[in-house]
Amino acid sequence: MKQNKLVLLLLTALLAVTAVAAGVHLSTRQSAPMGTVLVECANRTKELSLDEVELTAVRGTIVNGKGEERNVDAQGAPLSAVLEQAGITAYTQVAVTADDEYSVTVTKEEAAAPGRVFLIIREGERPQLLVFGDANSKRNVSNVIRLTVS
């Protein structure tokens, strides 16, 4: 009986520590209002309204981690155009970060390649980064909130 109480007490303590850690983690994450992305460059942050970005038709095929193809037919903008809209032209790479802090890096060369790297923008949703022709499907990021330029 004493052993059961000890196990129960230990589990309760672990649950409390986990709850506190989750609370701290969630309170330190950055967020952006819906319809915007944060653009960070040279220790400055700009909130870019996605309404300011000129959208074009984005069509192509991406491959998921299982090797399955998915056709894309959406509205979006090349990542390079989004950065230009934010006033950024000189950079070497961009870290694209989701609302869960998942992040991938895109080089300037990739972003500048026509038809390669897009932010898909759907009304009422956060943007999605799509990298066409990339074998690493993990670079397709949903719920983008931040672009960190270096």
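Definitions and cut-offs
Residues numbered from 1 in each chain as written. Predicted model: local features only at pLDDT ≥ 70, side-chain atom pairs only at ≥ 80, totals over all residues. Heavy atoms only, no water. Phe/Tyr/Trp six-rings, centres within 6.5 Å; stacked < 30°, edge-to-face > 60°. Helix = DSSP H or I, 4+ residues; strand = E, 2+ residues; numbered from the N terminus. Lys NZ or Arg CZ within 6 Å of the ring centre and 35° of its normal. Core = buried A, V, L, I, M, F, W, Y, C linked by side-chain atoms within 4.5 Å. Buried < 20%, exposed > 50% of the residue type's maximum accessible area, 1.4 Å probe, protein only. Contact = heavy atoms within 4.5 Å. Pairing = 2+ DSSP bridges. Axes fitted to C-alpha atoms, helices over the stretch in contact; angles between N-to-C directions. Polar contact = N/O pair within 3.5 Å; in protein donor to acceptor, adjacent residues only side chain to side chain. Salt bridge = Lys/Arg side-chain N within 4 Å of Asp/Glu carboxyl O.

A short note on the packing of aromatic side chains
Each aromatic ring pair is described using two quantities: the centre-to-centre distance and the angle formed by the ring planes.
No. 1: Applying the stated criterion across every chain, the model contains one aromatic pair.
No. 2: Taking the centre distance of 5.9 Å and the plane angle of 75° together, the rings of Phe118 and Phe132 count as edge-to-face. Of this pair, Phe118 sits in strand β7 (residues 117-120) while Phe132 sits in the loop between β8 (128-131) and β9 (144-149), and the two are 14 residues apart along the sequence.
No. 3: A cation sits over an aromatic face here: Lys108 above Tyr91, 5.2 Å from the ring centre.

Things to note about the nonpolar core
Generally speaking, nonpolar side chains in soluble globular proteins are found buried as a group.
No. 1: By size, the foremost hydrophobic cluster in this structure holds 27 residues, and its most contacted members are Val39, Leu79, Leu83, Val96, Leu129, Val144 and Leu147.
No. 2: Mapped by element, the contributors of at least two residues to this core are β1 (36-41), α2 (79-85), β5 (93-98), β6 (103-107), β7, β8 and β9.
No. 3: Not counting chain neighbours up to four residues away, the residues in contact with Val96 comprise Leu79, Tyr102, Ser103, Val104, Val106, Leu129, Val144, Arg146 and Leu147.
No. 4: Core analysis: the next-biggest nonpolar cluster, separate from the first, contains eight residues, Ile62, Val72, Phe118 and Leu130 among them.

Things to note about unusual backbone geometry
No. 1: At Asn43, a residue that is not glycine, the phi angle is positive and equals roughly 60°.
No. 2: Its location among the elements puts Asn43 in the loop between β1 and β2 (44-49).
No. 3: The exposure class of Asn43 is exposed, given its relative accessible area of 85%.
No. 4: Despite not being glycine, Glu101 has its phi angle at roughly 75°, a positive value.
No. 5: Within the secondary structure, Glu101 sits in the loop between β5 and β6.
No. 6: With a relative accessible area of 29%, Glu101 lands in the partly exposed category.

Quick notes on the sheet that holds strand β4 (residues 69-78)
Consider a sheet: its strands pair through backbone hydrogen bonds, and that pairing is either parallel or antiparallel.
No. 1: Spatial ordering of the open sheet is given by β3-β4-β7-β8, a layout of four strands whose pairing is antiparallel. The two strands at the open ends of the sheet, each matched to only one other strand, are β3 (56-63) and β8. Pairwise comparison of adjacent strand axes, ignoring direction, gives a mean angle of 45° for this sheet.
No. 2: In this structure, β4 lies alongside β7, joined through three bridges in antiparallel fashion. Paired with Pro78 across the bridge in β7 is Phe118.

Focus on the side chain of Asp134
No. 1: With respect to the element layout, Asp134 can be found in the loop between β8 and β9.
No. 2: Using a relative accessible area of 18% as the deciding quantity, one classes Asp134 as buried.
No. 3: A polar contact is formed between the side chain of Asp134 and the side chain of Arg139, at a distance of 2.5 Å.
No. 4: Once you skip the residues sitting within four places of it in the chain, Asp134 turns out to touch Arg116 and Arg139.

Thoughts on the pattern of salt bridges
No. 1: Evaluated as defined, the whole model comprises six salt bridges.
No. 2: Between Arg146 and Glu101 there is a salt bridge, with its nearest N and O atoms 2.9 Å apart. With Arg146 in strand β9 and Glu101 in the loop between β5 and β6, this residue pair connects regions lying 45 residues apart in the sequence.
No. 3: The exposure class assigned to Arg146 is buried, which follows from its relative accessible area of 10%.

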